[in-house]
Amino acid sequence: MKSVRRIWNRIVEFVIEKAIFLAGILSIVFVVLIFVFLLKEGLSLFKEYSPLAFLFGTKWYPISHPPSFGIVPLLLGSVVVTLGSIVIAVPLGVGAAIYVGEVAPVWLREILKATVEFLAAIPSIVLGFIGLVTLVPLVKQVFHLQTGLTAISGSIMLAFMAMPTIVSMMEDALRAVPSSYRYGAIALGATRWQTIWRVMLPAASSGMLAAVMLGIGRVIGETMAVMMITGNAAGIPTSLMQPVRTMTATIAAEMGEAVQGSDHYFSLFAIGIVLFIITFAINLTAAFFINRRSKA
Amino acid sequence: MSPADSVDQPIIRVEDFDLFYGGFQALLKVNMSIRPRQVTAIIGPSGCGKSTLLRSINRMNDLAGEVTTRGQIIIDKQPIYGKGINMVDLRKRVGMVFQRPNPFPLSIFENVAFGPRLHLGLSKTALREVVEKSLTGVGLWEEMKDRLYAPALSLTGEEQQRLCIARLIAVSPEVLLMDEPCSALDPIATDHIEELIRELKSQYTIVIVTHNMAQAARVSDETAYFYLGELIEMGQTEKIFTRPQKRATEDYITGRFG
């Protein structure tokens with residue numbers, strides 16, 4: 001009887017152990033598979049089309065004859081919208097994080113944090129829709145434009161979408177600063193603001209930079225909202241007040257109409273590779289900053 | 001001339017001082033006088049209110065949330081409780097050293113320059129002079145002068161604690177409060193810091209809280225013994241440790257409890 005129990009236990013142990021191993025390894029397998037598929041499809045474009053013309057070409061005419069797959073306008077579209085949104089989101093985010101983490105009374109802090117994080121729960125299509133009917137007409141009116149479907153509309157919208165990431169990560173970074181620093185500064189006669197500015201922010205800077213990087217990662221990968229409100233004209237942007245088309249919006253908009261196995265189809269995957277590399281680099285940088293913080 | 005009959009007027013007077021954390025009374029009608037340019041040690045078992053009293057002298061207790069006080073503490077003729085007290089000014093006059101060395105995660109130079117930058121508005125050269133003088137004052141200048149821009153957190157525990165003291169004396173305070181300044185240090189480092197404390201008392205009034213009675217005996221001129229929030233006995237250190245007046249003090253210092 002005893003030995004049966006022992007064997008049974010051993011089988012259970014074995015099965016559970018292997019199942020957990022499988023679950024762990026699967027996530028890696030999936031990532032690798034996705035990456036391999038992306039590479040295979042994307043690189044197929046370069047059998048017919050020069051990589052240089054792809055990377056440095058300034059015209060995106062995928063269905064002309066002959067087609068032109070220059071991603072510069074799309075890349076710039078993404079960069080302009082992203083930079084715009086970061087310029088808006090970072091000061092707001094830093095301010096909000098300082099207020100939530102250092103200034104607000106405890107009861108308000110919890111409410112604020114929950115609210116900011118709730119922003120992340122709103123589906124991006126809903127935000128895009130709200131942006132389309134409220135923000136776009138406003139931008140048109142305020143800046144006296146022919147259309148409100150511009151990069152700046154996308155930037156403002158995306159700034160809101162990056163806020164939850166930025167605020168909650170920055171607040172965590174501030175919270176992680178040992179309170180002995182705060183006491184040290186106050187005991188030296190620093191005011192609350194001097195304490196925050198001269199001690200807390202420098203001490204939290206790594207974590208705050210990581211927050212900005214992850215915010216950028218969130219913004220550059222966003223698709224639905226930007227597709228709805230940035231106008232989607234694949235020209236090279238010269239200002240924030242113009243319609244732009246981002247890389248993500250291009251993939252989303254054209255994937256349906258591209259013939260499977262055509263150069264157009266492959267070119268969309270090639271854009272995917274570029275996006276992947278950019279977000280990968282951003283996440284790596286963020287990880288570097290987070291790592292540096294935990295070591296300091 | 002012994003410190004007790006010195007003609008110096010007390011620089012700090014604690015008058016009928018009560019302190020409550022919420023409903024809990026941590027200090028009971030404390031009355032004591034602290035003389036200038038001496039080391040006064042506050043001893044007593046854990047929870048006796050010795051750190052609370054120390055933190056009342058620069059009003060760091062205000063940060064603890066629900067704290068109410070009665071009575072008064074007077075530093076150099078100026079009361080520090082009541083309306084219109086300038087905290088910045090108070091904390092500039094009364095510096096504090098913490099249990100664990102807490103240099104800011106900045107360079108050595110920036111740590112020492114921190115206070116002067118807040119309060120003094122010095123030129124660059126004047127600031128450098130203050131930093132040099134302060135580091136010299138704690139015996140760090142010779143070692144540190146070539147690496148002023150190294151991160152302060154790379155220093156040893158003893159060096160960090162010295163740096164924290166340098167950071168205080170850079171703003172020329174009158175009083176230095178030390179809350180178990182050696183409790184995170186090894187015996188040799190403790191010895192060095194005690195030496196520094198004895199040197200500093202020629203210029204500053206020092207109040208030190210310690211759970212280490214031998215340390216109180218070594219560094220202080222006067223000792224105050226606290227128990228359950230009350231000042232039981234205060235006097236010349238030598239007297240407290242050899243001929244205490246109260247039975248409770250004797251029990252504590254001879255190790256019968258505590």
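Residues numbered from 1 in each chain as written. Chains lettered and ligands numbered in written order. Predicted model: local features only at pLDDT ≥ 70, side-chain atom pairs only at ≥ 80, totals over all residues. Heavy atoms only, no water.

1. Some remarks on the overall build of chain B
- A count of helical and extended segments in chain B gives 10 helices and 10 strands.
- Taking 18 Å as the expected radius of gyration for a compact globule of 258 residues, we find that chain B reaches 18 Å, a close match to that expectation.
- Principal-axis analysis of the C-alpha atoms gives chain B an extent of 55 × 45 × 35 Å.
- Burial analysis of chain B (258 residues in total) assigns 53% to the buried set.
- The contacts in chain B between residues at least 6 apart in sequence include a share of 67% that link residues at least 24 apart.
- Surface accessibility of chain B: about 11,600 Å² in total, with carbon and sulfur atoms responsible for 49%.
- The distance from the centre of the 30 positive side-chain charges to the centre of the 32 negative ones in chain B is 4 Å. (Helix = DSSP H or I, 4+ residues; strand = E, 2+ residues; numbered from the N terminus. Rg over C-alpha atoms; globule rule 2.2 N^0.38 Å. Buried < 20%, exposed > 50% of the residue type's maximum accessible area, 1.4 Å probe, protein only. Contact = heavy atoms within 4.5 Å. Areas by Shrake-Rupley, 256 points an atom, 1.4 Å probe, with all protein chains shown as cover. Lys, Arg positive; Asp, Glu negative; His and termini not counted. Charge placed at Lys NZ, Arg CZ, Asp CG, Glu CD.)

2. Comments concerning the overall build of chain A
- Along its length, chain A carries 12 helices and two strands.
- When the helices and strands of chain A are read in sequence order from the N terminus, they spell out α-α-α-β-β-α-α-α-α-α-α-α-α-α.
- Radius of gyration (C-alpha) of chain A: 24 Å, far over the 19 Å computed for a compact globule of 296 residues.
- Projecting the C-alpha coordinates of chain A onto the three principal axes gives extents of approximately 75 × 70 × 35 Å.
- Residues counted as buried form 42% of the 296 residues belonging to chain A.
- In chain A, the proportion of contacts linking residues at least 24 apart, taken out of those at least 6 apart, comes to 71%.
- Counting only carbon and sulfur atoms, one obtains 72% of the accessible surface of chain A, whose full area is about 15,700 Å².
- Side-chain charges in chain A split into 20 positive and 13 negative, and the spacing between the mean points of these groups amounts to 10 Å.

3. Here's the deal with the sheet that holds strand E4 (residues 67-75) of chain B
All names here are of chain B.
- Spatial strand order, E2-E1-E4-E5: four strands in an open sheet with antiparallel pairing. Every interior strand has two partners, whereas the edge strands, strand E2 (24-34) and strand E5 (78-79), have only one.
- Bridge analysis of strand E1 (residues 12-21) against E2 gives seven bridges, and the strand direction is antiparallel. Paired with Leu19 across the two strands is Leu27, which belongs to E2.
- Helix-sheet contacts for helix H1 (residues 50-57) involve E1, E2 and E4, and the interaxial angle to E1 is about 115 degrees. (Pairing = 2+ DSSP bridges. Axes fitted to C-alpha atoms, helices over the stretch in contact; angles between N-to-C directions.)

4. A word on the domain arrangement of chain A
Residues and elements named next belong to chain A.
- What the domain assignment lists for chain A is domain 1 (2-43) and domain 2 (60-295).
- Between the C-alpha centres of domain 1 and domain 2 the distance comes to 35 Å.
- Across the domain 1/domain 2 interface, buried area totals approximately 650 Å², and carbon plus sulfur atoms make up 81% of it.
- It is Leu38, Glu41 and Gly42 in domain 1 that bury the most area against domain 2; as a group they hold 69% of the surface buried on that side.
- At the junction of domain 1 and domain 2, the tally comes to zero salt bridges.
- Remark: the boundary between domain 1 and domain 2 carries one residue pair in polar contact (both at pLDDT 80 or more).
- For the side of domain 1 that touches domain 2, the class distribution of residues is five nonpolar, one polar and one charged. (Domains from an automatic or database assignment. Buried area = accessible area lost by both parts, 1.4 Å probe. Salt bridge = Lys/Arg side-chain N within 4 Å of Asp/Glu carboxyl O. Polar contact = N/O pair within 3.5 Å; in protein donor to acceptor, adjacent residues only side chain to side chain. Nonpolar A, V, L, I, M, F, W, Y, C, P; charged D, E, K, R; others polar.)

5. Describing empty space enclosed by the protein
Residues and elements named next belong to chain A.
- Applying the stated criterion across every chain yields a total of two cavities of 30 Å³ or more.
- Estimates place the volume of the largest cavity at around 50 Å³.
- Tallying contributions element by element places helix H4 (residues 72-103) first for the lining of the largest cavity, with three residues.
- Across the lining of the largest cavity, the residue classes tally to five nonpolar, four polar and one charged.
- For the second largest cavity, the calculated volume is near 30 Å³. (1 Å grid on protein atoms, 1.4 Å probe; cavity = no way out; pocket = protein on both sides within 12 Å on 5 of 7 lines; lining within 4 Å. Points joined across faces, edges and corners; volume = space filled by probe spheres on them.)

6. Remarks on the pattern of salt bridges
- Summed over the entire model, instances satisfying the criterion amount to 20 salt bridges over all chains.
- A salt bridge links Lys40 of chain A to Glu41 of chain A; the shortest N-O distance between them is 2.8 Å.
- Lys40 of chain A gets classed as exposed once you look at its relative accessible area, which sits at 52%.
- Taking the relative accessible area as the measure of exposure, Glu41 of chain A reaches 8% and is therefore buried.
- A salt bridge links Arg218 of chain B to Glu194 of chain B; the nearest nitrogen and oxygen atoms lie 2.6 Å apart. Taken together, the positions of Arg218 of chain B in helix H8 (residues 213-219) and Glu194 of chain B in helix H7 (residues 187-200) put the pair 24 residues apart, joining distant regions of the chain.
- With relative accessibility at 0%, the residue Glu194 of chain B sits in the buried group.
- The structure contains a network of salt bridges with shared partners spanning Lys113, Glu171, Asp172 and Arg175 of chain A.

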